[in-house]
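Secondary and tertiary structure notes
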Amino acid sequence: MRKLIYIYIAAFSLVFSSCNDFLETSSDSKMTDETIYTSVYYSESAVKGIYDRIADAQMYAQRLSINWSTNNDIEFVGADEASYNQNTNRGVSNYYATAGNSTLIWTRIYQMIERSNLVIQGIENSPLMLGTDKEKAAMKTLLGEAKTLRAMGYYELVKHWGDVPFKTEPTKNDLSNVYLPKTDRDSICEFLITELLSIEKDVPWVGESAGSVSYSSAERISKGFVKGLIARIALTRGGYSLRDKPGYPTERRSDYLEYYKIAHTQCQEIISGGKYRLKSNYVDIWKDVCALKTDGVNGENLYEVALGLSQSGEIGYSIGVRFYTNTKYGYGNNSNVVNTSAYYYYSFEPQDPRRDATIATVAYSNASGDQKEVFQSNPLSYNFAKWDQRWMAENTKWLDQNKDANGKWGYGVNWINMRYADVLLMFAETENELNGPTDAAKNALKEVRARAFAGTKDESKNVADYVNNLSSKELFFNALINERAWEFGGEAIRKFDLIRWNQLEKKILDQRSAFQAMIDGGTARIFDKEYTSIPQNLYYKYKADRENIDKDSTSYYAVNTELEALDDNQLKARGYTKVKWMSGFSDENKRSYKERIQLFSSGLFKDNNGVCANRYLYPIHSSVIGDYQGIVTNSYGY
């Protein structure tokens, strides 16, 4: 489908003109009314034109997937005392946003919504809605698809800005419906949930068709994702949010359980639908998406944002294993944005394969262009391993283009918007909230953990015993907080989970406290674990290929007394390199690391922003404020 998107955009350039202002989308009405929506084929093409907008850099190709999803306790944008509050993506990530920060313009989201409104109106007014059964089925599913895309746009606006202008019709020629006041985010969520519930019956499951419209892969929205999106929006509506009222408190409405019920039902129906399953090996999720292989029936991914090779996408460039330019894999992702830390590394069970599939403790190559892995000894500069150029290079077209590149280009790696594992864990969460840790809740959690620990030592201990011991609602909920961190690291989920649970500030403070204890050699409490002793030195060596580091050669958990007794020459003779670690760092490194961890996310806290606690919402850009001439203003002290 990713190729088709660009074909349709070219074919329908007369239908959707380019937009300079975020609500200045126009169309050739004759083309729309008399040609487009009297044909199922052209109507489908118009819907696919909406997908172009969500593949834009200001949406899922970069901003929504990468820049706007940090910071939290496991994902952050690295910074120091000179850069943490810059008027750039770095400052935004650390919650030092300003109304003049150009990286916060919401233009493309509203363009996508406007395009959706045009298509929705066109389909609703189409004579084909009263045509043959086959035509009606096709047009109804296209209408559902367009409404789901619109819901995605408004959901992202609510998550990042809170209350926003809201309209569900195309812009009128006299602009009478353009400059609208902000609508409460709860009302927006309620509208989206109601609308999606009304159309999900008309959208087929993946692998099925409606009339002549086919849904063969995860690159197109199908029933499973519609239901999953309803669940996500319902949990957001039922969760905590920073409120635009005196003191700017973080609150949730008293009727929140009603929305947990909606999410529970939708997740249960996805599970019983039987169209999705977990991939047998966690790392295969990332190998496949990096190699540009798309999921379909019986896959794990409910929806992947289609990003075109050489066209769009910073997935693997701005997030992923750090690659420097080298002759084997080509141009490096030296703009790597999202980092993680040793704190997150130590949160995992050592036997959990998701740890090494998620966290890259090595980079590839260095400034000299060596073709080998390089050990990362900075505990605040780990990267996310889920996106790896070595897997991307399995696609020869990708590799050829990367070798020829001398600047940033479109990697084309799809952004996975929702996975079946998320559905299972949302179901477990809502079941626990409504009924406690029942067998149904436990079985959903077990399914996720069983895939993670399959074939490992103590598998039963880490799956059945672990889950069965979660005997109370509180214990089960806390386990889910941790499980979602282990399962979804780097996937733009953690920040918004913590927000809706009202846990964002707490978890960041937990991270700071534990990291400082690790540096000082004290007792570090990390998730459900407690570390009283972490090695002061680490040792590593290369495999026989002299290119890849042998991960089994390094112990992060226990002192290697045998290697500790050797001098540098003896270590070299055995092929080992020694690096300082945690409490073994130099005094200067300790000072720097402890200072930086305090700067990460510091703008979130009232002591630093001077206004309110938990200030995660973004300010509306000054250009929008100017256009609205006082109808829309900023809040939260911006």
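To keep things clear, this report deals only with the structure shown in the data block.

Looking now at the overall build of the chain. Check the secondary structure of the chain and you find 25 helices and 18 strands. For the chain, whose C-alpha radius of gyration is 25 Å, the value lies close to the compact-globule estimate of 26 Å for 638 residues. Each principal axis of the C-alpha atoms in the chain carries an extent, and together these give about 85 × 55 × 50 Å. Looking at the chain as a whole, 61% of its 638 residues qualify as buried. Considering only intrachain contacts with a sequence separation of at least 6, the fraction spanning at least 24 residues in the chain is 72%. Here the chain has roughly 23,600 Å² of accessible surface; of this, 45% comes from carbon and sulfur atoms. If the 76 positive side-chain charges of the chain are averaged to one point and the 81 negative ones to another, these points end up 2 Å apart.

With that settled, the discussion passes to the packing of aromatic side chains. Throughout the structure, instances matching the rule amount to 48 aromatic pairs. Between the aromatic rings of W68 and W161, the centroid separation amounts to 5.3 Å while the plane-to-plane angle is 90°, which identifies the pairing as edge-to-face. Here W68, found in the loop between α3 (40-54) and β1 (76-77), pairs with W161, found in helix α6 (residues 133-161); they are 93 residues apart in sequence, far enough to count as distant. Relative accessible area serves as the criterion here: at 0%, W68 is assigned to the buried category. Given a relative accessible area of 3%, W161 falls into the buried group. Arranged with centres 6.3 Å apart and planes meeting at 65°, the rings of Y282 and W286 form a pair that is edge-to-face. With Y282 and W286 both in helix α10 (residues 282-290) and 4 residues apart, the pair spans about one turn of that helix. The same class applies to Y282 and to W286, which are both buried. For the cation-ring pair, R322 lies above Y324, with the distance from its terminal atom to the ring centre recorded as 4.8 Å. The ring centre of Y466 lies 3.7 Å from the NZ or CZ of R449, which sits over that ring.

The next subject is a nonpolar patch on the surface. Together, L175, Y179 and I631 line one region of the surface with nonpolar side chains, adding up to about 240 Å² of accessible area. Tracing the sequence through the fold places L175 in the loop between β2 (164-165) and β3 (182-183). On the basis of relative accessible area, L175 is assigned to the partly exposed category, the value being 41%.

Attention now moves to the pattern of salt bridges. This model, assessed by the stated rule, comprises 57 salt bridges. We note a salt bridge from R354 to E487, for which the minimum N-O separation is 2.8 Å. Of this pair, R354 sits in helix α12 (residues 353-358) while E487 sits in helix α18 (residues 473-488), and the two are 133 residues apart along the sequence. Comparing R354 with E487, the two get one shared label, buried. Among the charged side chains, a salt-bridge network with shared partners connects E300, D352, R354, K386, R419, R449, R451, E483, E487 and E491.

Looking at the secondary structure, you find S365 in the loop between β11 (362-364) and β12 (373-375). On the accessibility criterion, S365 (1% relative accessible area) is buried. Residues S365 and N326, spaced 39 residues apart in sequence, show a C-alpha to C-alpha distance of 6.9 Å. Those residues in contact with S365 that lie beyond four places of it in its chain are Y324, T325, N326, D370, K372 and V374. A polar contact of 2.6 Å, which involves the side chain of S365, links it to the backbone oxygen of D370.

Membership of the largest hydrophobic core comes to 178 residues, with the highest contact counts inside it found for W387 and W581. The dominant element in this core, judged by the number of residues it contributes, is α6, at 13 residues. Setting aside anything within four residues of it in sequence, one finds W387 in contact with W286, C290, I315, G316, I319, G320, V321, M392, V413, W415 and G490. Among the nonpolar cores identified, the runner-up in size contains 15 residues, and L242, W501, F605 and C612 belong to it.

The buried fraction of strand β8 (residues 301-305) is high, at 5 of 5 residues. Of the pairings in the sheet, the one linking β8 to strand β14 (residues 415-419) comprises 4 bridges and is antiparallel in character. Each bridged residue has a counterpart across the sheet, and for Y303 the counterpart in β14 is M418.

Conventions and cut-offs
- Per chain, the residues get numbers from 1 upward, laid out in the order the sequence is written.
- The model is predicted, so local features are restricted to residues of pLDDT at least 70 and side-chain atom pairs to those at 80 or more, both for listing and for counting; the totals for chains, interfaces and linings are taken over all residues.
- Hydrogen atoms and water are omitted, and side-chain values are computed over all heavy atoms in the structure.
- Where helices and strands are cited, they refer to DSSP runs of H or I of at least four residues and of E of at least two residues respectively, numbered from the N terminus.
- For the radius of gyration, the atoms used are the C-alpha atoms, and the globule rule reads 2.2 Å times the number of residues raised to 0.38.
- Classification of residues uses two cut-offs on accessible area relative to the type maximum, computed with a 1.4 Å probe and protein chains only: under 20% is buried, over 50% is exposed, and between them is partly exposed.
- Note on definitions: a residue-residue contact is assigned when non-hydrogen atoms from the two residues lie within 4.5 Å.
- Surface accessibility follows the Shrake-Rupley procedure with a 1.4 Å probe radius. Residue values consider only the protein chains on display as shielding.
- Asp and Glu count as negative and Lys and Arg as positive, but His and the ends of the chain are not part of the count.
- Working definition for charges: the position is that of NZ of Lys, CZ of Arg, CG of Asp or CD of Glu.
- The pairing test for Phe, Tyr and Trp rings, Trp by its six-membered ring, is centres within 6.5 Å, and the orientation test on the planes gives stacked under 30 degrees, edge-to-face over 60, and tilted for anything in between.
- Ring-over charges, as used throughout, are those where CZ of Arg or NZ of Lys falls within 6 Å of the ring centre and within 35 degrees of the ring normal.
- Like charges are joined within 9 Å and nonpolar side chains (Val, Leu, Ile, Met, Phe, Trp, Tyr) within 5 Å, but only among residues with over 30% relative accessible area and no salt bridge; these make up the patches.
- For this document, the term salt bridge refers to a Lys or Arg side-chain nitrogen within 4 Å of an Asp or Glu carboxyl oxygen.
- Pairing of N or O atoms within 3.5 Å defines a polar contact, subject to two protein rules: one partner must be a possible hydrogen donor and the other a possible acceptor, and residues neighboring in sequence count only if both atoms are side-chain atoms.
- For this analysis, a nonpolar core means a set of buried residues of the types Ala, Val, Leu, Ile, Met, Phe, Trp, Tyr and Cys, connected via side-chain atoms within 4.5 Å.
- Two strands pair if DSSP finds at least two bridges between them.

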